[in-house]
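The primary structure of each chain is shown beneath.
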Amino acid sequence: MLMDLELLQLIFQRIINEIDIGLHIVDENGTSVVYNNKMKQIEGMDVEDVLGKNLLDVFTFAEHDSTLLQALQYGKTIKNVKQTYFNNKGQEITTVNHTFPILKNGNIKGAIEIAKDVTKLERLIRDNMNKTENAKYTFDSLIGDSPAFREVCEHAKRATRTSSSILIVGDTGTGKELFAQSIHNGSQRSTGPFVSQNCAALPESLVEGLLFGTTKGAFTGAVDRPGLFEQANGGTLLLDEINSLDLNLQAKLLRAIQEKTIRRIGASKDTPIDVRIIATMNEDPVDAISAQRLRKDLYYRLSVVTLFIPPLKDRKEDILPLALHFIDKYNALFQMEVKGMEDEVSEFLLSYDWPGNVRELEHLIEGALNMMSYEETIDLTHLPFQYRTKSQTKDRLQKHYGYEFFATLPSGSAPPLKEQIENAEKYFIQKTIKKCDNNISKAAKTLGISRQSLQYRLKKWGIRPDQER
Ligand SMILES: Nc1ncnc2c1ncn2[C@@H]1O[C@H](COP(=O)(O)OP(=O)(O)OP(=O)(O)O)[C@@H](O)[C@H]1O
Ligand SMILES: [Mg+2]
C-alpha cells in the first residue's frame, strides 16, 4: 500500500514536470509547494528561488496584481486572465491563467495557478492581422534620432531606389517590420501589394504551398491557389524569421529569387514573378549559418542590402522620444491627456536594458496609462508590476536615502547576500515609514508594493510603525 502511494507520488511528480502547462501551487500561508518546469520557463524564475518561499518574498506586486493572493485570501476563482510580458530572456510571452483556491471543509488550504502558454497562437493571430492591414508605416513614422538609428534609416532609404533583396537583422521588437513597410512605401512598388509572412509561425508542411501556391489535384484536397509570391507580384514580399524556414525550402526560395519564376506545387510550368524580397531574422547571420539554420548561398543572395537594427539599449537617445511618442499614441486611443513622466520614470527607462526592445517600451507605456486616472504625469507606481521592483535600483535608493546604509557595512567582512538584502529591506521600510509619518498606505505606495504586502513585511521583521528610529 505504502509502495503504491510512493509510486503515485512519483507519477504525479513526473506529470507535473512534463506537462506543457505552467503550475504554481501555494499552501495556506502563501508558501510555494509546487512550481513546475513549464512555469519556470514561462516566468523565467529558478525553481529554487520560488519553491519553499513565500509568494510575497519572491514576487513584488500590488495586491490586485496577484491572482494567487486573491484566491488565497478571498477564495476567489479567477479564470481566463490573459497576460503578455517579457521574461528575463527578452522573450515576449502570452499566457492565459486560471487561479482557484483549494478548499477543505469550507476552509482555504491553498491556491493553484495554471498558466497556458499561448505565445505561438498570439503571434499567428498578430502576424495574420498585420497581413490584411497592408503597409501603413513610412519613414516619417519611424521615431529615433540616435546616430545609430539615423544611419540605418539612411541605408534603408537608399534601398528604396532598387529592387534588390534586403536582409534586416535585429532582435525582437526593434522595428524590422516597420523598416520593411517603410522601404516598400518609399519605393516605386508602393502602388503594388505588400505581403508579409512569418516563417516560424506555420507548420513546415504548409509553408511550401503557401509560398509557391498549389494546383488542383497536386495532393488530396489541393485546390488551384496562388502562393504569396504571386499575391505579392509587382510589390514586396516580407519573409519574417527566414532562419526558421526548412533548408530545402530555403533552396527553393533561392531558386525563385534568382530565376524570378515560381512553380506552384503540382504544376508543370513556371510562372514569372516580379517581387522584391525582404527577409528578417533575429540572430546574427554568421551564427545562423554555422548552426545550419541558414543556407550560405541564400544568405549571399539576400544580403545584397543588410540592415542591422541595433537593440534599444544601444541607442539610449531614442528611449525618451519613443516613450513620448507612445504616450501620444495611447492618449489618442484612450482619450487621455497624459503630459509626460516623472524624472524617476525617465531615469528608470534609461537604465533598463529592454530585452523586448521598442515593443516592450510600447507595452510599458500602454500599461502605465491603464493604471492612471486623472494624473498628468506617469510616476513609478503606474508602471506595470513587473517593472516596479526593477525600478528600485540601488542607484535610485542611494539617491533617495544617501550612501550611509551601504557605507555602514564593515569593509572586507560582507555578510551573506541574503542577510544584506534582508537588512536593506528592513532599513528602507523603516526609513520610508518614517518619511511618510507612519502612514502605512502612503509608505506602501512609495515603496511600490501593496499595503498588505507591507504589513506582512512589518510583521515579519517585527517593525512597529510607531517605534521608528
Ligand atoms: N523606430 C520606431 N518608431 C516608432 N515605433 C516603433 C519603432 N520601432 C519599433 N516600433 C514599434 O514597436 C513595435 C515592434 O516593431 P516591429 O513589429 O517592427 O518589430 P520587429 O523587429 O518586427 O519584431 P519581431 O522580431 O518580434 O517581429 C511596433 O508596435 C512598432 O510600432
Ligand atoms: Mg516582425
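As the structure is a prediction and not an experimental result, all values here were calculated from the model.

A. Seen up close, the overall build of the chain. Broken down by element type, the chain carries 22 helices and 16 strands. Considering only contacts within the chain whose residues lie at least 6 apart along the sequence, 64% involve residues at least 24 apart. Accessible surface for the chain amounts to roughly 24,800 Å². Of this, 52% is attributable to carbon and sulfur atoms.

B. The arrangement of the nonpolar core in detail. Core analysis: the largest hydrophobic core is formed by 31 residues, its most contacted members being F229, L237 and I242. At the level of secondary structure, the elements contributing two or more residues to this core comprise β6 (166-169), α9 (204-212), α10 (228-231), β10 (236-240), α11 (247-259), β13 (276-281), α12 (285-290) and α13 (296-302). In terms of residues, this core owes the most to one element, α11, which gives five residues. Residues contacting F229, with those up to four places away along its chain left out, are L211, F212, L237, L253, A256, I262, I273, V275 and I277. The next biggest cluster of nonpolar side chains, apart from the first, holds 26 residues, and it includes L322, A323, F326 and F348.

C. Molecular detail of the pairing of strand β14 (residues 305-308). Residues V305 and L307 of β14 are buried on one face, while the alternating residues T306 and F308, pointing to the opposite face, are not. Two elements, β6 and β14, share four bridges in a ladder whose sense is parallel. If you follow I168 over to β14, its bridge partner there is L307.

D. Structural detail: the pattern of salt bridges. Overall, the coordinates contain 15 salt bridges when judged by the stated rule. Here D270 and R263 are joined by a salt bridge, their closest N and O atoms 2.7 Å apart. In this structure D270 comes out as partly exposed when scored by relative accessible area, which is 38%. When its relative accessible area of 43% is taken as the criterion, R263 is described as partly exposed. Among the charged side chains, a network of salt bridges with common partners joins D20, K38 and D117.

E. Region of interest: the packing of helix α14 (residues 319-334) against helix α16 (residues 357-371). Viewed as axis vectors pointing N to C, α14 and α16 meet at an angle of 45°, and their least axial separation amounts to 9 Å. Regarding the angle of α14 to α16, the classification is oblique. When the axes of α14 and α16 are compared, the crossing they make is right-handed. The segment α14 lies against α16, with I319, L322, A323, F326, I327, K329, Y330, N331 and F334 engaging V358, L361, E362, I365, E366, L369 and N370.

F. Expanded view of helix α15 (residues 343-351). Three or more residues of α15 are buried, namely V345, S346, F348 and L349. Along the axis of α15, the buried positions cluster into a sector of 160°, meaning they face one direction only.

G. Here's a closer look at the environment of D343. With respect to the helices, strands and loops of the structure, D343 is situated in helix α15. Using a relative accessible area of 58% as the deciding quantity, one classes D343 as exposed. The spatial distance from the C-alpha of D343 to the C-alpha of T377 is 9.9 Å, given a sequence separation of 34 residues.

H. Inspection of the side chain of T280 at higher detail. Looking at where T280 falls in the secondary structure, it is placed in strand β13. Looking at T280, the relative accessible area reads 0%, which means it is buried. Contact partners of T280, with chain neighbours within four places excluded, come to I168, K176, L238, L239, D240, E241, I242 and N243.

Reading guide: rules and limits
- Residues numbered from 1 in each chain as written.
- Chains lettered and ligands numbered in written order.
- Predicted model: local features only at pLDDT ≥ 70, side-chain atom pairs only at ≥ 80, totals over all residues.
- Heavy atoms only, no water.
- Helix = DSSP H or I, 4+ residues; strand = E, 2+ residues; numbered from the N terminus.
- Contact = heavy atoms within 4.5 Å.
- Areas by Shrake-Rupley, 256 points an atom, 1.4 Å probe, with all protein chains shown as cover.
- Core = buried A, V, L, I, M, F, W, Y, C linked by side-chain atoms within 4.5 Å.
- Buried < 20%, exposed > 50% of the residue type's maximum accessible area, 1.4 Å probe, protein only.
- Pairing = 2+ DSSP bridges.
- Salt bridge = Lys/Arg side-chain N within 4 Å of Asp/Glu carboxyl O.
- Axes fitted to C-alpha atoms, helices over the stretch in contact; angles between N-to-C directions.
- Parallel < 35°, antiparallel > 145°, perpendicular 65-115°, else oblique.
- Left-handed = near helix turned anticlockwise from the far one by under 90°.
- Arc of directions from axis to C-beta.

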